[in-house]
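Now for the letters of each chain:
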Amino acid sequence: MPNWVRACGANDVDAEDLVRFDHGDRTFAFYRSPGDEYFCTDGLCTHEQVHLADGLVMDYEIECPKHNATFDYRTGEAKRAPACVSLATYPVKIENGSVWIEI
Amino acid sequence: MPNDGYRDYSLTGPNAKASFLGNAEWYASPAPRKRIKELMKRSDRLALTNYGNWLVLVVATGALLVAVWGTAWAWPVALAYGVFYGSGADSRWHETGHGTPFKTRWLNDAFYQLASFMSLRNPHLWRWSHTRHHSETVIVGRDPEIAFPRPPSIRNWVLNLLYIPAITKELGKMVRIAFGNLTDAEKSFLPESEWSKTFAASRAQLLVLSVVGLAAVTLQSWLPIFLIGLPTFYGSWLHHILATTQHAGLAEDVPDHRMNSRTFYLNPFFRFIYSNMNYHIEHHMYPIVPFYNLPALHEEIKADCPSPYGSLWACYREMVPAVLRQQADPNHYIRRPLPAGAGATPAYERPVIAAE
Ligand code: FES
């Protein structure tokens, strides 16, 4: 049974940026691409568990604020050291101006 | 347990096991996300202007060195060439290692490889060593880049003002790693998945140096090695004099870069050589901000930081007596007063670990 959770309003995140979304004891990063598509990954860097929400989105990549590892936030793929492990990604849908993620 | 100042800086010793500060939340001076986002932005134009000028200066002084080789002019020209080559490359190795100057990734990577070679540093080993330095800055037994372990060796300090022992060590390291040998300390921060790349990089660097050596023998001239390889030895002194200020004499084992790092004002020429690393608190607090935006970041957070030193001289005036005093009193360190209203340093007490 899919569990869709409302993360935020679609306009709560700027284009080419991300916001943090906490649910229970989990934390997620929620992205809006330069082309206005929405994506969601785990919120903590796989290298040393730093919040990606303080990082920099460039095109389709998120750069971790601590040691500059980068991930493709569409697929979660780790693209640059020191991250060696990819991020988990989650399906996203937009309904009535709200963003929902399936967790 | 009484604190007699004993510290074990080894990455495989008791302090390495006792690390708990590493996972602590490091203090960050508050700044609006919107502003930090602006400052994090990369600009190929700004980076290329800086790196292009640097390369032009290296090539121009190198060409001049070739032109005046064999005359008395060769010495002052070599001095200038060495500084652009050795000191200029060292700060640029660091910047491109963070991946922050260029928006275009391959430009960062290409300059990283070039500057790593010019600094005689293994690009993979140093990337990971520096990663640990940023995770656990001046945490005893965890940070592989603590330049002034207490009690500090004044002999090493004086020798290293010319950076020569450190670079000689790097050269030895290059040979060792080219033969596939890593120390336990290196293995403690370099993941196994990186080992083969690390060996290959040292082999490639050694190959280039061998070709340069062969050229010197064939041409019966010192010129090739004065142009490639040797400038790291005779030209890195300026970088080292500047970089000594980064953490020397300041607090250890505290998750607050305002307490363990130094920001000071510096003239534009030295800032060019040093890639603005005089804004060292800012760099550690927000390592994702490229070097050309550090002065603006400094303006943004300075009200929350200790007041910056007015000059390089001011840093040394404070640092030298403190480091001298640490010889007899390893518990001594410089306490940096925070301005009124600044955020408090997170409280941490690290146990003193006795030698096994
Ligand atoms: S914590 Fe993200 S790169 Fe290290």
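Please read all numbers here as calculations on a predicted model, not as lab measurements.

**Some words on the confidence of the model for chain B**
- Mean pLDDT over chain B stands at 91; residues scoring 70 or higher make up 93%.
- We note a pTM of 0.92 for the whole complex and an ipTM of 0.89 for its interfaces.

**What to know about the packing of helix α3 (residues 44-68) of chain B against helix α5 (residues 105-118) of chain B**
All names here are of chain B.
- The geometry of α3 relative to α5 is characterised by a closest axis approach of 12 Å and an angle of 30° between their N-to-C directions. On the basis of their axis angle, the class for α3 and α5 is roughly parallel. Here α3 runs over α5; the crossing is left-handed. Packed against α3, whose contacting residues are Asp44, Tyr51, Trp54, Leu55 and Val58, the element α5 presents Leu107, Phe111, Leu114 and Met118 at the interface.
- Partitioned by chemical class, the residues of the contact of α3 with α5 number 8 nonpolar, no polar and 1 charged.

**Focus: the side chain of His283(B)**
- Position of His283(B) among the secondary structure elements: in helix α16 (residues 280-285).
- The contacts of His283(B), once residues within four sequence positions are left out, are His94(B), His98(B), His130(B), His134(B), Met277(B) and Leu294(B).

**A closer look at the sheet that holds strand β11 (residues 98-102) of chain A**
All names here are of chain A.
- Here 3 strands make up an open sheet; going across it, the order is β1-β11-β10 and the pairing antiparallel. The outermost strands of the open sheet, each flanked by one partner alone, are β1 (4-9) and β10 (92-95). Each neighbouring strand pair of the sheet contributes to a mean axis angle of 30°, computed without reference to strand direction.
- With 5 bridges connecting them, β1 and β11 associate as antiparallel partners. Residue pairing in the sheet places Arg6 in a bridge with Trp100 of β11.

**Observations concerning helix α10 (residues 195-219) of chain B**
Residues and elements named next belong to chain B.
- Here α10 is 25 residues long and its end C-alpha atoms lie 36 Å apart, about the 36 Å a rise of 1.5 Å per residue gives.
- The set of residues buried in α10 consists of Thr198, Phe199, Ala201, Ser202, Gln205, Leu209, Val212 and Ala216.
- Tucked into the core, α10 has its buried residues touching α5, α6 (123-135), α8 (164-178) and α11 (223-227).
- Positive backbone phi, at 55°, marks Gln220, one or two positions downstream of α10.

**So, the nonpolar core**
All names here are of chain B.
- By size, the foremost hydrophobic cluster in this structure holds 71 residues, and its most contacted members are Trp54, Val58, Leu65, Tyr81, Met118, Val289 and Leu297.
- By residue number, the principal contributor to this core is helix α4 (residues 74-98), which donates 9 residues.
- Other than its neighbours up to four places away in sequence, Val289 contacts Leu39, Met40, Leu294 and Leu297.

**Here we look at the pattern of salt bridges**
Residues and elements named next belong to chain B.
- Counted by the stated rule, this structure contains 22 salt bridges over all chains.
- Among the salt bridges present, the one from Arg121 reaches Asp90, with a minimum N-O distance of 2.9 Å. One end of the pair, Arg121, is in the loop between α5 and α6; the other, Asp90, is in helix α4, with 31 residues separating them in the sequence. Each member of the pair Arg121 and Asp90 is classed as buried.

**Some details on the sheet that holds strand β5 (residues 56-58) of chain A**
Residue and element names in this part refer to chain A.
- An order of β5-β6-β7-β8 is seen for the 4 strands of this open sheet, with the pairing classed as antiparallel. On the outer flanks of this sheet lie β5 and β8 (78-80), each paired with one strand and no other. The average angle at which neighbouring strand axes cross in this sheet is 30°, direction not considered.
- One ladder, built from 2 bridges, connects strand β7 (residues 70-72) with β8; its direction is antiparallel. Across the sheet, the residue bridging to Thr70 is Arg80, located in β8.

**Topic: the interface of chain B and chain A**
- If you look at the interface, chain B gives 19 residues, while chain A gives 23 residues.
- Contact between chain B and chain A buries roughly 1,800 Å² in total, counting both sides, with carbon and sulfur atoms accounting for 45%.
- When the area that chain B buries against chain A is broken down by residue, the three leading residues are Arg33(B), Arg105(B) and Ile288(B), summing to 28%.
- Where chain B touches chain A, the interface holds 5 salt bridges.
- Across the pair Asp14(A) and Lys37(B) runs a salt bridge, and its minimum N-O distance is 3.6 Å.
- Across the chain B-chain A interface, the total number found is 14 residue pairs in polar contact (both at pLDDT 80 or more).
- Where the side of chain B that touches chain A is concerned, the elements lending two or more residues are α2 (33-40), α4 and α6 of chain B.

**Some points on the pairing of strand β2 (residues 17-23) of chain A**
All names here are of chain A.
- Judged from the 7 bridges that link them, β2 and strand β3 (residues 26-32) form a sheet pairing that is antiparallel. The residue bridging Val19 from the neighbouring strand is Phe30, located in β3.
- In sequence, β2 turns back onto β3 through a hairpin of 2 residues, with Gly24 there showing a positive phi of about 60°.

**A word on the packing of aromatic side chains**
- Applying the stated criterion across every chain, the model contains 20 aromatic pairs over all chains.
- Relative to Phe226(B), the ring of Trp75(B) lies with its centre 6.3 Å away and its plane at 80°, an arrangement referred to as edge-to-face. Of the two residues, Trp75(B) is situated in helix α4 and Phe226(B) in helix α11; the sequence distance between them amounts to 151 residues.
- Residue class for Phe226(B) comes out buried when judged on its relative accessible area of 14%.
- An aromatic cluster is present here, built from Tyr51(B), Trp54(B), Phe102(B), Phe111(B), Phe291(B) and Tyr292(B) joined pairwise through their rings.
- A cation over an aromatic ring shows up here: Arg74(A) above the ring of Tyr60(A), its NZ or CZ 4.1 Å from the ring centre.

**Section: the packing of helix α7 (residues 154-161) of chain B against helix α18 (residues 312-328) of chain B**
- At a closest axis distance of 11 Å, the pairing of α7(B) and α18(B) adopts a crossing angle of 145°. The residues of α18(B) that touch α7(B), namely those facing Ile154(B), Trp157(B) and Leu161(B), are Tyr316(B), Met319(B), Val320(B), Val323(B), Leu324(B) and Gln327(B).

Conventions and cut-offs
- Residues numbered from 1 in each chain as written.
- Chains lettered and ligands numbered in written order.
- Predicted model: local features only at pLDDT ≥ 70, side-chain atom pairs only at ≥ 80, totals over all residues.
- Heavy atoms only, no water.
- pLDDT = per-residue confidence, 0-100.
- Axes fitted to C-alpha atoms, helices over the stretch in contact; angles between N-to-C directions.
- Helix = DSSP H or I, 4+ residues; strand = E, 2+ residues; numbered from the N terminus.
- Parallel < 35°, antiparallel > 145°, perpendicular 65-115°, else oblique.
- Left-handed = near helix turned anticlockwise from the far one by under 90°.
- Contact = heavy atoms within 4.5 Å.
- Nonpolar A, V, L, I, M, F, W, Y, C, P; charged D, E, K, R; others polar.
- Pairing = 2+ DSSP bridges.
- Expected span 1.5 Å × (residues − 1).
- Buried < 20%, exposed > 50% of the residue type's maximum accessible area, 1.4 Å probe, protein only.
- Core = buried A, V, L, I, M, F, W, Y, C linked by side-chain atoms within 4.5 Å.
- Salt bridge = Lys/Arg side-chain N within 4 Å of Asp/Glu carboxyl O.
- Buried area = accessible area lost by both parts, 1.4 Å probe.
- Polar contact = N/O pair within 3.5 Å; in protein donor to acceptor, adjacent residues only side chain to side chain.
- Phe/Tyr/Trp six-rings, centres within 6.5 Å; stacked < 30°, edge-to-face > 60°.
- Lys NZ or Arg CZ within 6 Å of the ring centre and 35° of its normal.

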